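Observations on the three-dimensional arrangement
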Amino acid sequence: EKPLSPFISIAWQQLEESRRPSKERTAVERPSLAAMYSASLPPPPPRRDFISVTLSPSSGGIEAAAGVGGYNNSKAWRRRSCLRKWKQLSRLQRSVILFVFAFLAVCGVITYTNMTEPWKSLTSRTPEEQKMDLEVPGLNPANQAVLPIPKKADPNLGDYSDFSLQKPPKELPARRGPPNLQLRPPRRNTRLKSQEDAAKAEEEPHQAVQEHKTEKSIISWRGVVIEPDQITESPSNKINELDKPSPVESEDQKEPVPLNERQMAVIEAFHHAWKGYKEFAWGHDELKPISKSFSEWFGLGLTLIDALDTMWILGLKEEFAEARKWVATELNFDKNVDVNLFESAIRILGGLLSTYHLSGDSLFLEKAKDIGSRLMPAFNTPSKIPFSDVNIGRGTAHPPRWTSDSTVAEVTSIQLEFRELSRLTGEEKFQNAVDGVMQHIHTLPGKNDGLVPMFINTNSGQFTHLGVYTLGARADSYYEYLLKQWIQGGKKENELLEDYVKGIEGVKMHLLRKSQPRRLTFVGELAHGRFSAKMDHLVCFLPGALALGAHNGLPSDHLDLAMELAETCHQMYTQVETGLSPEIVHFNMHAQKDRKDVEIKAADRHNLLRPEAVESFFYLYRFTGDKKYQDWGWEILENFNKYTRVKPSNLDSQPLTLLGTGVGWGSLLSV
């Protein structure tokens, strides 16, 4: 017989089991079923508790590239290994790594864009072009310099009690226009004249030899020859001339010219403002006329110091004597206070030096040396570009709280004061510090045809925020001081002249435009290649600077441009309802019906009593003799009296916060 199939056998067993008693059947039922099903299933695979790895040599090639064979350090194996490790990192770790790489890439792009322009400018210029950069077109022989190069002081000097006012140099005839203004006639006695004549006779042979020695120092500018002026002698070499009369004590001085009606009005306006300052803010920095109080900036009597030379020019002897007493007894620079280097230099140091020159009083020179010495820590930087703030009590300096940059205008507009301080004291440290700044900036890349950016880093000494060029705030006085330093130094510092002329050419090339409908010439701004028809009132310094340069031998077209820009500055006043210029204007460059050349935005509709326009009118009147500039200055004074005077019921004072640096009182008196 054939064996029965498993299923038939199972059925037969179940039939047999059903015949058993129920209790016996229940006892063996479950084991029988388990055994029955286990017999019908295939056996499970054997369990392995180990892994086997087979290593065999591989010849590389296609098998290695495909991953067949052992590890052989091929690119494919390394790529798979790096990817495996990358996947093993957490999401946070991978995000951090990606962020670092992205940050480095952005920094690289920014660095490349900032450095490309300077590298190109340095590498793309031919030797001929570099040589031509040192030439300035159209220069004529210049006039006599005003101030000498500083010399060392006499070691036998001691203190400043024997200082006397430097004798003004004999001026050559002006190149154009009326002669220079002399507020006080020369004070000489007969004995002094005879001594000078004898000295001149003795110096003639020496001058002949000296001229032969200085032939090599002649400057050639594109075929035009300029001989550097002979500068006047330092006062430190004249201190021992005890026979020379003091300018204050001279007995033969002439009576001043009678004042006209307009000059009397200027003096009255100053009196009006000074009365309020004396009553409510005496010895403090600023007067707040409406609230009849004061405010402090440095706590050094800025208004009083800044107004000293103004009072002397206006002939206010009583007011000057009272202010001098305060300076002698109350002014103390040994204070734990942070001051701004630029503001302190032009207001305090400049005010004291100018007052010393006018009065001959050594008190003001002593105070000037004190504050000048206390400002010197600002130059202790890695780049020699000075910090913006100085603690004059502790002798420490630091940049602003929000940045390590200084503005270009501030670090390049303190030179006149520090250089003059060196000339008067014989201490060269003051001039060396500020001259180092100008020499450094002269060699910097990042300029655009002589135009400079607005910021410079005190640590690296490099320009920052490249691509933005303006003659307004943060860059304006850089150009002005280039010219004035060149004149102050006897017109011998060619780098200053080169930078100034290049800057003016850059203005003509990039920033000059014409407005509509009157076609006024104005100076705009350039930001990353885009021109903006925005002009600050600060830019109105430029007409005066151009006229001063033309008067000292620079091309005559500078004077033409000065007169055009002066007309524009005048229109900034006349096209406003009050006749007072706003802080910033925007010019229309496209003709539109019923629109003026000048537009004013709401945020700019205020006047800060800036003197730039009035000073430019003063220069142009002196150099051209055109009386319209007198009239323009007079109109501005009248409008200030009309719209800014506080009524007597409130306070008999005009709201001038800084008298000496608001409206140019001396300029108004002259024009």
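The paragraphs below set out a description of the structure included in this document. (Residues numbered from 1 in each chain as written. Predicted model: local features only at pLDDT ≥ 70, side-chain atom pairs only at ≥ 80, totals over all residues. Heavy atoms only, no water.)

Turning our eyes to something else, we now look at the overall build of the protein. From N to C terminus, the protein includes 23 helices and 18 strands. Buried positions account for 45% of the 671 residues belonging to the protein. Carbon and sulfur atoms provide 55% of the accessible area of the protein, an area that totals close to 36,700 Å². (Helix = DSSP H or I, 4+ residues; strand = E, 2+ residues; numbered from the N terminus. Buried < 20%, exposed > 50% of the residue type's maximum accessible area, 1.4 Å probe, protein only. Areas by Shrake-Rupley, 256 points an atom, 1.4 Å probe, with all protein chains shown as cover.)

Turning next to the state of the cysteines. Counted according to the given criterion, the structure contains one disulfide. Across the disulfide, Cys-540 is cross-linked to Cys-569 (sulfur-sulfur distance 2.2 Å). Residues Cys-540 and Cys-569 are joined through a disulfide that is left-handed, its torsion about the S-S bond being -110°. Of this pair, Cys-540 sits in the loop between β16 (534–536) and α19 (541–551) while Cys-569 sits in helix α20 (residues 557–574), and the two are 29 residues apart along the sequence. For the pair shown, Cys-540 and Cys-569 are each scored as buried. (Disulfide = S-S within 2.5 Å.)

Further remarks concern the sheet that holds strand β15 (residues 530–532). Read across the open sheet, the three strands follow the order β11-β14-β15; overall the sheet is antiparallel. The strands lining the two open edges of the sheet, one partner per strand, are β11 (468–469) and β15. Sheet topology places β11 next to strand β14 (residues 525–527); two bridges connect them, and they run antiparallel. Each bridged residue has a counterpart across the sheet, and for Tyr-469 the counterpart in β14 is Leu-526. (Pairing = 2+ DSSP bridges.)

A word on the packing of helix α17 (residues 476–488) against α19. One way to put it is that α17 packs onto α19 with a least axis distance of 10 Å and a crossing angle of 20°. Relative to α19, the element α17 lies roughly parallel. The crossing of α17 and α19 is left-handed. Along its contact with α17, which presents Asp-476, Tyr-479, Glu-480, Leu-483, Lys-484 and Ile-487, the element α19 presents Phe-541, Ala-545, Leu-548 and Gly-549. Split by residue class, the contact of α17 with α19 holds six nonpolar, one polar and three charged. (Axes fitted to C-alpha atoms, helices over the stretch in contact; angles between N-to-C directions. Parallel < 35°, antiparallel > 145°, perpendicular 65-115°, else oblique. Left-handed = near helix turned anticlockwise from the far one by under 90°. Contact = heavy atoms within 4.5 Å. Nonpolar A, V, L, I, M, F, W, Y, C, P; charged D, E, K, R; others polar.)

When you line up the elements, Gln-415 lands in helix α15 (residues 415–425). Under the relative-accessibility criterion, Gln-415 is labelled buried at 0%. With residues up to four places along the chain from it excluded, the contact list for Gln-415 reads Val-434, Val-437, Met-438, Tyr-481 and Gln-485.

Of all hydrophobic cores here, the largest spans 116 residues; its most connected members are Phe-418 and Leu-471. Those residues in contact with Phe-418 that sit more than four places away from it in its chain are Leu-341, Ala-345, Leu-349, Gly-372, Leu-375, Met-376, Phe-379, Phe-430, Gln-431 and Val-434. (Core = buried A, V, L, I, M, F, W, Y, C linked by side-chain atoms within 4.5 Å.)

Taken as a whole and judged by the stated rule, the model has 24 salt bridges. In this structure, the salt-bridge partner of Asp-361 is Arg-324, at a minimum N-O distance of 2.4 Å. Highlighted residues: Asp-361 in the loop between α12 (341–359) and α13 (362–375) and Arg-324 in helix α11 (residues 317–329), separated in sequence by 37 residues. The salt bridge partner of Glu-505 is Lys-508, with a shortest N-O separation of 3.6 Å. With Glu-505 and Lys-508 both in helix α18 (residues 494–510) and three residues apart, the pair spans about one turn of that helix. Residue classification places Glu-505 among the partly exposed residues on the basis of a relative accessible area of 33%. According to the relative accessible area criterion, Lys-508 is partly exposed, its value standing at 26%. One salt-bridge network, in which partners are shared between bridges, spans Asp-306, Glu-343 and Arg-347. (Salt bridge = Lys/Arg side-chain N within 4 Å of Asp/Glu carboxyl O.)

Turning our attention to α11. Relative to the 18 Å expected for 13 residues at 1.5 Å per residue, α11 spans 18 Å between its end C-alpha atoms, a close match to the ideal helical length. When we look at burial in α11, the residues that qualify are Glu-319, Phe-320, Ala-323, Trp-326 and Val-327. Down the axis, α11 shows its buried residues gathered within 120° of arc, on one side only. Away from its buried face by more than 90 degrees, α11 exposes Lys-317, Glu-318, Lys-325 and Thr-329. Looking at the packing, one finds that the buried side of α11 touches α8 (261–280), α9 (302–306), α10 (308–314), α12 and α13. (Expected span 1.5 Å × (residues − 1). Arc of directions from axis to C-beta.)

A few words on the environment of Thr-412. Assignment of secondary structure puts Thr-412 in the loop between α14 (408–411) and α15. We classify Thr-412 as buried; its relative accessible area is 0%. The spatial distance from the C-alpha of Thr-412 to the C-alpha of Tyr-478 is 5.4 Å, given a sequence separation of 66 residues. Excluding anything up to four places from it in sequence, Thr-412 contacts Val-437, Met-438, Ile-441, Ser-477, Tyr-478, Tyr-481 and Gln-485.

With that out of the way, let us pick up the packing of aromatic side chains. Under the defined criterion, the tally for this structure stands at 16 aromatic pairs. For the pair Phe-617 and Trp-632, a centre-to-centre distance of 5.2 Å together with 70° between the ring planes defines the contact as edge-to-face. With Phe-617 in helix α21 (residues 612–624) and Trp-632 in helix α22 (residues 628–643), the pair connects residues that are 15 residues apart, well separated along the chain. The exposure class assigned to Phe-617 is buried, which follows from its relative accessible area of 1%. Judged by its relative accessible area of 7%, Trp-632 falls in the buried class. Here the aromatic rings of Tyr-629 and Trp-632 are separated by 5.2 Å at their centres, their planes lie at 85°, and the arrangement is edge-to-face. Here Tyr-629 and its partner Trp-632 are both found in helix α22, three residues apart, which amounts to about one turn of the helix. This pair shows no difference in class: Tyr-629 is buried, exactly as Trp-632 is. One aromatic cluster in this structure is built from Phe-270, Trp-274, Tyr-277 and Trp-282. (Phe/Tyr/Trp six-rings, centres within 6.5 Å; stacked < 30°, edge-to-face > 60°.)

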